[in-house]
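Residues per chain are reported as follows:
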Amino acid sequence: MLSEEERKEIEEEFKLYPHKQAAAIEAMKVVQKHRGWLSDESMQDLARMLEISVEDLDGVATFYNLLYRSPVGRHIILVCNSISCYILGYNEIYQALSNVLGIRFGETSPDGRFTLLPVPCLGTCDHAPAMMIDKDLHRDLTPETIGKILEAYK
Amino acid sequence: METPLTQHIRQDGAPLYLKEYEQTGGYEALRKAVTMQPKEIMDLVKDSGLRGRGGAGFPTGMKWSFVPMGDKAPHPKYLVANGDEMEPGTFKDRLLIEGKPHQLIEGMIISAYAIEADVAYIFIRGEYTEGSAIVQKALSEAYEAGYLGKNILGSPYSLEMHIHTSVGRYMCGEETGLLNALEGKRATPRAKPPFPQSSGLFGKPTIVNNIETLSCIPHIINNGAEWFKKLSLTGEGGTKIYGASGKVKRPGLWELPLGTTVREILIDRAGGMRDGLKLRGFLPGGASTDFLTEEHLDVNMDFTAVGKVGSRMGTGTIIVMDDKTCPVGFVHNLEYFFAQESCGWCTPCREGLPWVEKTLRSIEEGTGQMEDLDILDFHTKYLGPGNTFCALAPGAMEPLQSALKYYRDDFIKHITEKRCPWRS
Ligand SMILES: Cc1cc2nc3c(=O)[nH]c(=O)nc-3n(C[C@H](O)[C@H](O)[C@H](O)COP(=O)(O)O)c2cc1C
Ligand code: SF4
Ligand code: FES
């Protein structure tokens, strides 16, 4: 069941578009904001509210990088794996993260703290290599600074 | 040297909000625009020579002129600002979004007025969390000050403007993919015709323009078409936000006259290569442009001149390859991106790009064969312009085809030595 708060926020989104379906992405973002990810159950509830089939909605969800159809950790680490970061040592950054957390791309640390995902160019190529943790951008990374940065995310 | 777009952007990048923007002459252009006829604005933009800064360089005034106008035109009409910016190596729009949000909003209101649009969307990629918060705040300020909403500045013109934050896919930046994303669908491209100018968002007339393009508009209104033209060195009109990344001494962004030479950007601004490194080549404007090399340093970075030497200015943000970076690994990284981001709508791209990616991977890892070079050549032709539904696949082939031209020996060395010479 969608919560009262979720419903309200989604109804706000409806106002910005000529028909409900157009708010599909916004609606999924609302649920994801509250629950971290999109479960089968919430997809069904959402589809009903948007008046489209759950298959159609899933087709949209699975297209996009930042909509999660399986559980994720409390914090999401998006590591840029594009060209300028590649030139400046993305690989070492990924190795360092992977070592510290004991996980690879697509996985969540056993304590449920972090999910590690690749992301295309974060648009901060002049400060490569870069990554984002939740809403925070971290730039000019070195393998040595990784541990310190992670400490801030409990 | 005038730098209208980035002037007043703070060194630390903190945004210029309404008061400060107004103190620097902000919204004067809008006051002037609402006293003009939409057609006058369109003509002014046409005469200025402004070409789209999103990569393809289409003349902006001409694009607008295809929108049906007057009493019989269908409504609502839409204007969309394209702030998806997912092209690897491209980071210029972020500066304008975060540093000078009202310049974008003012540019959008004037542009919307020129095409008689009713609703405008600012499409921003989801990872630009700070940028969208800044623009959101600026939007509320603009509404409060009467620059947006009903009867703007007391004129008969009304406009609503909303932000849409994306959920990540390179195809969201493609004009018609973006419209599908805004409609809550998968960001696959649409067949053209009909062109968005006549049937775009929700089937209504729509203009999609890049953030930097729209940010130029207030300055054209304030200072005129001739002034704008004269900003450039080569007559194409305006300044350009150029950038450089890779192992140069001072990576960054600089607003310079359109047509500035690559040498000035890479040597004078970016400080040349880091000590001990040599320039091996560069992509002039993002991941989907052809490599150029040292012999092209004196080329003027504008649409025509870069085209003449076999590449594209693209987004104007240069990616530099040094002599300690493996060209095969470099191109493999790019094609991995394109293969991942293919939307899967048409077969050549959906099937071809993963094949290219795997072939490059095996060459880089030392298990490639000479025939692989023919396979790659083959793909550069069959994924080239005219064979796929949108420009993603042809764009993906640009760095590959030029790498096969300039760095063929490096590919061959990988194959004969059965290893990557850059890996120890
Ligand atoms: C795969 C793909 C991705 C694109 N991404 C962007 C983008 O992020 N931002 C942008 O302004 N244009 C992007 N474009 C170009 C747009 O399709 C379109 O040409 C541009 O937004 C038009 O604006 P302009 O005329 O002001 O340049 C992309 C094109 C393709 C094929
Ligand atoms: S070229 Fe690629 S990205 Fe473009 S429509 Fe075809 S499959 Fe989609
Ligand atoms: S390539 Fe990593 S931020 Fe642009």
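For the structure, check the block above.
Quick summary incoming for the structure in this document. If you're wondering where the values come from, they're calculated on a predicted model, not measured in any experiment.

Concerning the site of ligand 2
Move 1: Close to ligand 2 lie 13 residues; P189, C343, C346, C349 and C390 of chain B are nearest.
Move 2: When its residues are assigned to classes, the shell around ligand 2 shows 10 nonpolar, three polar and no charged.

Re the nonpolar core
Move 1: Core analysis: the largest hydrophobic core is formed by 111 residues, its most contacted members being Y64, I77 and L97 of chain A together with F411 of chain B.
Move 2: When residues no more than four places from it in sequence are discounted, the contact partners of I77 of chain A are L97, L101, F114, T115, L116, L117, M131, M132, I133 and L150 of chain A.
Move 3: In this structure, L5, A112, A142 and L214 of chain B belong to the second largest nonpolar core, which totals 58 residues.

Describing the state of the cysteines
Residue and element names in this part refer to chain B.
Move 1: The final tally for this structure, using the stated rule, is zero disulfides over all chains.
Move 2: Distance from the sulfur of C326, which forms no disulfide, to the nearest cysteine sulfur (C420) is 3.8 Å.
Move 3: Residue class for C326 comes out buried when judged on its relative accessible area of 5%.

Digging into the pattern of salt bridges
Move 1: If you walk through the whole model with that rule in mind, you get 32 salt bridges over all chains.
Move 2: In this structure, K20 of chain A engages E51 of chain A in a salt bridge whose closest nitrogen and oxygen atoms are separated by 3.0 Å. Taken together, the positions of K20 of chain A in the loop between α1 (4-14) and α2 (24-35) and E51 of chain A in the loop between α3 (40-50) and α4 (54-61) put the pair 31 residues apart, joining distant regions of the chain.
Move 3: Among the residues examined, E51 of chain A registers a relative accessible area of 57% and is labelled exposed.
Move 4: D40 of chain A is the salt-bridge partner of R69 of chain A, the closest N and O atoms lying 2.8 Å from each other. Here the residue R69 of chain A occupies a position in the loop between α4 and β1 (75-80), and D40 of chain A occupies one in helix α3, the gap between them amounting to 29 residues.
Move 5: The class for R69 of chain A is partly exposed, based on a relative accessible area of 24%.
Move 6: With a relative accessible area of 52%, D40 of chain A lands in the exposed category.
Move 7: One network of salt bridges, in which partners are shared, links K92, D93, E212 and K240 of chain B.

Observations regarding helix α16 (residues 392-406) of chain B
All names here are of chain B.
Move 1: Taking 1.5 Å of rise per residue, 15 residues should cover 21 Å, and α16 covers 22 Å from first to last C-alpha, within 8% of that figure.
Move 2: Of all the bends in α16, the greatest reaches close to 25° and is centred on E398; the proline P399 follows between one and four positions later.
Move 3: Of all the 15 residues making up α16, 12 are buried; the element is thus mostly covered by neighbouring parts of the structure.
Move 4: Inspection of α16 places L392, A393, P394, G395, A396, M397, E398, P399, L400, S402, A403 and L404 among the buried residues, and these make up the whole buried set.
Move 5: Where the residues of α16 are buried, they touch β7 (279-283), α13 (327-341), α14 (347-364), α15 (371-382) and α17 (408-417).

Describing a nonpolar patch on the surface
Move 1: On the surface, F58, M62 and F66 of chain B cluster together into a nonpolar patch covering about 280 Å² of accessible area.
Move 2: On the secondary structure map, F58 of chain B appears in the loop between α3 (38-48) and α4 (60-65).

Quick notes on the packing of α2 of chain A against α3 of chain A
Residue and element names in this part refer to chain A.
Move 1: Between α2 and α3, the shortest axis-to-axis distance is 11 Å and the interhelical angle comes to 145°. As for the relative orientation of α2 and α3, their crossing is right-handed in sense. Between α2, through A24, A27, M28, V31 and R35, and α3, the contact on the second element is made entirely by S42, M43, L46 and L50.
Move 2: When its residues are assigned to classes, the contact of α2 with α3 shows seven nonpolar, one polar and one charged.

As for the site of ligand 1
All names here are of chain B.
Move 1: Every one of the 18 residues lining ligand 1 counts as a neighbour, but G54, E85, N209, N210 and T213 are closest to it.
Move 2: One of the side-chain N or O atoms of K63 is found 3.0 Å from an oxygen atom in ligand 1.
Move 3: Take N209: an N or O atom from its side chain is 2.9 Å from an oxygen atom of ligand 1.
Move 4: Surface burial for ligand 1 is 88%, taken as the share of its 610 Å² of free accessible area covered by protein chains.
Move 5: Considering each element in turn, the shell around ligand 1 owes the most residues, three residues, to strand β4 (residues 206-210).
Move 6: When its residues are assigned to classes, the shell around ligand 1 shows five nonpolar, seven polar and six charged.

Conventions and cut-offs
- Residues numbered from 1 in each chain as written.
- Chains lettered and ligands numbered in written order.
- Predicted model: local features only at pLDDT ≥ 70, side-chain atom pairs only at ≥ 80, totals over all residues.
- Heavy atoms only, no water.
- Near = heavy atom within 4 Å.
- Nonpolar A, V, L, I, M, F, W, Y, C, P; charged D, E, K, R; others polar.
- Core = buried A, V, L, I, M, F, W, Y, C linked by side-chain atoms within 4.5 Å.
- Buried < 20%, exposed > 50% of the residue type's maximum accessible area, 1.4 Å probe, protein only.
- Contact = heavy atoms within 4.5 Å.
- Disulfide = S-S within 2.5 Å.
- Salt bridge = Lys/Arg side-chain N within 4 Å of Asp/Glu carboxyl O.
- Helix = DSSP H or I, 4+ residues; strand = E, 2+ residues; numbered from the N terminus.
- Expected span 1.5 Å × (residues − 1).
- Bend = angle between axes of the 7 residues up to and from the residue.
- Patch = residues over 30% accessible without salt bridge, like charges linked within 9 Å, V, L, I, M, F, W, Y side chains within 5 Å.
- Areas by Shrake-Rupley, 256 points an atom, 1.4 Å probe, with all protein chains shown as cover.
- Axes fitted to C-alpha atoms, helices over the stretch in contact; angles between N-to-C directions.
- Left-handed = near helix turned anticlockwise from the far one by under 90°.
- Polar contact = N/O pair within 3.5 Å; in protein donor to acceptor, adjacent residues only side chain to side chain.

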